[in-house]
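Here is how the chains run, residue by residue.
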Amino acid sequence: MNWDDTTDTPAAGPAAERLVGSAADGEDQAVEAALRPKDLGEFIGQEKVREQLDLVLRAARARGATADHVLLSGAPGLGKTTLSMIIAAEMGAPIRITSGPAIQHAGDLAAILSSLQEGEVLFLDEIHRMSRPAEEMLYMAMEDFRVDVIVGKGPGATAIPLELPPFTLVGATTRAGLLPPPLRDRFGFTAHMEFYGPAELERVVHRSANLLDVRIEGDGAAEIAGRSRGTPRIANRLLRRVRDYAQVKADGTVTREIAAAALAVYEVDARGLDRLDRAVLEALLKLFGGGPVGVSTLAVAVGEERETVEEVAEPFLVREGLLARTPRGRVATPAAWAHLGLTPPGTQAAGNGQQGLFGA
């Protein structure tokens, strides 16, 4: 349903293989294209963003002008690419899709800009990864609809001004803080995409199940939604795997029991943690007593690279309140002990009449 980033470069290694990973692989992109909503009325969730964007687009249509440039930020899988396509559809304009990593030189950007039609929407994914020369060219293009093309080299080089037709740039980024202020300031409308709540994800699952011709009960949709990490892309990926299980192991209908059994096979637990997440927590709790412990040591303990633990597993564990990053290292929270059914060492000591871990 609402997903994002068809132009994302899939992460390498464990991140790309995870059922609960937020990067889109080829299968995801194909399914998303079929399930993607076509207008703001179909788009589920992001209520404030939808309301604000609807006002921007309606006002632009009433003036007979192109819409302001739009910047969308947020985690992968929340709907940035979908919204860019909806913007183009609502404005009755074509859309061109590219990404920041694909624009390594100012000439690459100039070639794209010079071929735009009037009113066209240019979707630039991962805009924060664009090269600096191209970024500086984009400033003038966004503000004055003009670029200076440099012809020649050295003292004989000349700048040829090239007028551009009015267009709408939709920039998407997972790391808004990396955008330089001059670029951010040139967007007329900025929005941050939030993670979805369970009720919204249930609606996403029901809609996708209907489009995929999957029979699903309300409690089955709720079970999938609760394990989807607040991300529609993950919800739809889990739905497809549960559908497969239901067709092979049952009568094809997705119930709570079927969903739970299917996701147990794929090692996705009730809070959406997978094998890697639980391995990190178990090492932290069982080997290091809940921490603090350095991330490099933790990575060795689970047999993964430091970057995998730090960038793939930790963000969700921190967001769920299961792990904390401190100056001394990673520390497990009481919720982590409870989730794995373990007792913190301090609690055991206190129960024996001894001083607890933190002096309790």
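Residues numbered from 1 in each chain as written. Predicted model: local features only at pLDDT ≥ 70, side-chain atom pairs only at ≥ 80, totals over all residues. Heavy atoms only, no water.

Asker: How should I be thinking about helix H5 (residues 106–114) in this particular structure?
Answerer: Given 3.6 residues to a turn, an α-helix orients residues that are three or four positions apart in the same direction. Within H5, the full set of buried residues consists of Leu-109, Ala-110, Ile-112 and Leu-113. Projected down its long axis, H5 carries its buried residues within an arc of 165 degrees, all on one side. (Buried < 20%, exposed > 50% of the residue type's maximum accessible area, 1.4 Å probe, protein only. Helix = DSSP H or I, 4+ residues; strand = E, 2+ residues; numbered from the N terminus. Arc of directions from axis to C-beta.)

Asker: Would you explain the packing of helix H8 (residues 198–211) against helix H9 (residues 218–226) in this entry?
Answerer: The packing of two helices is summarised by the inter-axis angle and the distance between the axes. Between H8 and H9, the least distance of the axes is 8 Å, while the angle of their chain directions is 120 degrees. With respect to H9, the axis of H8 lies oblique. The handedness of the crossing between H8 and H9 is right-handed. Contacts between H8 and H9 pair Pro-198, Leu-201, Glu-202, Val-205 and His-206 from the former with Gly-218, Ala-221, Ala-222, Ile-224 and Ala-225 from the latter. Within the contact of H8 with H9, the residues separate by chemical class into seven nonpolar, two polar and one charged. (Axes fitted to C-alpha atoms, helices over the stretch in contact; angles between N-to-C directions. Parallel < 35°, antiparallel > 145°, perpendicular 65-115°, else oblique. Left-handed = near helix turned anticlockwise from the far one by under 90°. Contact = heavy atoms within 4.5 Å. Nonpolar A, V, L, I, M, F, W, Y, C, P; charged D, E, K, R; others polar.)

Asker: Whenever I open this one, the pairing of strand E8 (residues 323–326) confuses me. Can you help?
Answerer: Consecutive side chains along a regular strand alternate between the two faces of the sheet. In terms of strand pairing, E8 meets strand E9 (residues 329–332) through four bridges, oriented antiparallel. Within E9, the position partnered with Arg-325 by the bridge is Arg-330. Linking two consecutive strands that pair antiparallel, namely E8 and E9, is a turn of two residues. (Pairing = 2+ DSSP bridges.)

Asker: How do you make sense of the pattern of salt bridges when you look at a structure like this?
Answerer: Working definition: two side chains of opposite charge can pair if their charged atoms are close together. With the rule as written, the count across this model stands at 19 salt bridges. Three or more residues joined by partner-sharing salt bridges are found here, namely Arg-306, Glu-310, Glu-314, Arg-325 and Arg-330. (Salt bridge = Lys/Arg side-chain N within 4 Å of Asp/Glu carboxyl O.)

Asker: Quick question: what am I supposed to make of the sheet that holds strand E1 (residues 70–73) here?
Answerer: Note on sheets: strands pair through backbone hydrogen bonds, and any given pair is parallel or antiparallel. Spatially, the five strands line up as an open sheet ordered E2-E3-E6-E1-E7, and their pairing is parallel. Two strands lie at the open edges of the sheet, namely strand E2 (95–99) and strand E7 (189–192), each paired on one side alone. The mean inter-strand angle of the sheet, taken between neighbouring strand axes irrespective of direction, is 15 degrees. Each of E1 and E7 is contacted by helix H3 (residues 47–63), which is oriented at about 165 degrees to E7, the strand it contacts most. Taken strand by strand, helix H4 (residues 80–91) contacts E1, E2, strand E3 (121–125) and strand E6 (168–173), and its axis lies near 175 degrees from that of E3.

Asker: I tried to follow the packing of helix H12 (residues 275–287) against helix H14 (residues 306–319) on my own but got confused; where do I start?
Answerer: One way to put it is that H12 packs onto H14 with a least axis distance of 10 Å and a crossing angle of 90 degrees. If you check the angle between H12 and H14, you find them roughly perpendicular. Two secondary-structure elements touch here, H12 through Leu-276, Asp-277, Val-280 and Leu-281 and H14 through Thr-308, Val-309, Val-312, Ala-313, Phe-316 and Leu-317. The residue inventory of the contact of H12 with H14, partitioned by class, reads eight nonpolar, one polar and one charged.

Asker: I would appreciate a short explanation of the packing of aromatic side chains in the present structure.
Answerer: The relative placement of two aromatic rings is captured by the distance of their centres and the angle of their planes. One pass over the full model with this rule turns up one aromatic pair. Ring geometry for Phe-145 against Phe-167: centres 5.5 Å apart, planes inclined by 80 degrees, an arrangement best described as edge-to-face. Of this pair, Phe-145 sits in the loop between helix H6 (132–144) and strand E4 (146–151) while Phe-167 sits in the loop between strand E5 (158–163) and E6, placing them 22 residues apart in sequence. On the accessibility criterion, Phe-167 (1% relative accessible area) is buried. One residue, Arg-229, lies across the ring of Phe-316, its end atom 3.9 Å from the ring centre. (Phe/Tyr/Trp six-rings, centres within 6.5 Å; stacked < 30°, edge-to-face > 60°. Lys NZ or Arg CZ within 6 Å of the ring centre and 35° of its normal.)

Asker: Any chance you could explain the confidence of the model for the protein here in plain terms?
Answerer: In low-pLDDT regions, the fine details of the predicted coordinates are not to be read closely. Taken residue by residue, the protein gives an average pLDDT of 83. The fraction at 70 or more is 85%. Contacts of residues 1–16 to residues separated by more than four positions or lying in other chains number 73 contacts, the stretch itself having pLDDT below 50. This model gives residues 349–360 a pLDDT under 50, and the stretch forms seven contacts once residues within four places in sequence are excluded. (pLDDT = per-residue confidence, 0-100.)

Asker: Whenever I open this one, the side chain of Ser-131 confuses me. Can you help?
Answerer: With respect to the element layout, Ser-131 can be found in the loop between E3 and H6. Among the residues examined, Ser-131 registers a relative accessible area of 13% and is labelled buried. In this structure the side chain of Ser-131 is engaged in a polar contact, spanning 3.1 Å, whose partner is the backbone oxygen of Gln-104. Those residues in contact with Ser-131 that sit more than four places away from it in its chain are Ile-103, Gln-104 and His-105. (Polar contact = N/O pair within 3.5 Å; in protein donor to acceptor, adjacent residues only side chain to side chain.)

Asker: What is the right way to read unusual backbone geometry from this model?
Answerer: Excluding glycine, a negative phi dihedral is what most residues carry, and trans is how most peptide bonds are arranged. Positive phi outside glycine occurs at Glu-126, with the angle close to 45 degrees. Within the fold, Glu-126 resides in the loop between E3 and H6. The exposure class assigned to Glu-126 is buried, which follows from its relative accessible area of 9%. Located in the positive-phi region is Asp-213, a residue other than glycine, with phi close to 60 degrees. In this structure, Asp-213 sits in the loop between H8 and H9.

Asker: Is there a simple way to explain the nonpolar core in this structure?
Answerer: As a rule of thumb, nonpolar side chains are buried together in soluble globular proteins. Residues Leu-53, Leu-83, Ile-216, Ile-224 and Val-254 are the most contacted members of the largest nonpolar core, which totals 47 residues. No other element matches helix H10 (residues 232–249), which puts six residues into this core. Residues Ala-110, Met-142, Val-147 and Leu-169 belong to the second largest nonpolar core, which totals 24 residues. (Core = buried A, V, L, I, M, F, W, Y, C linked by side-chain atoms within 4.5 Å.)

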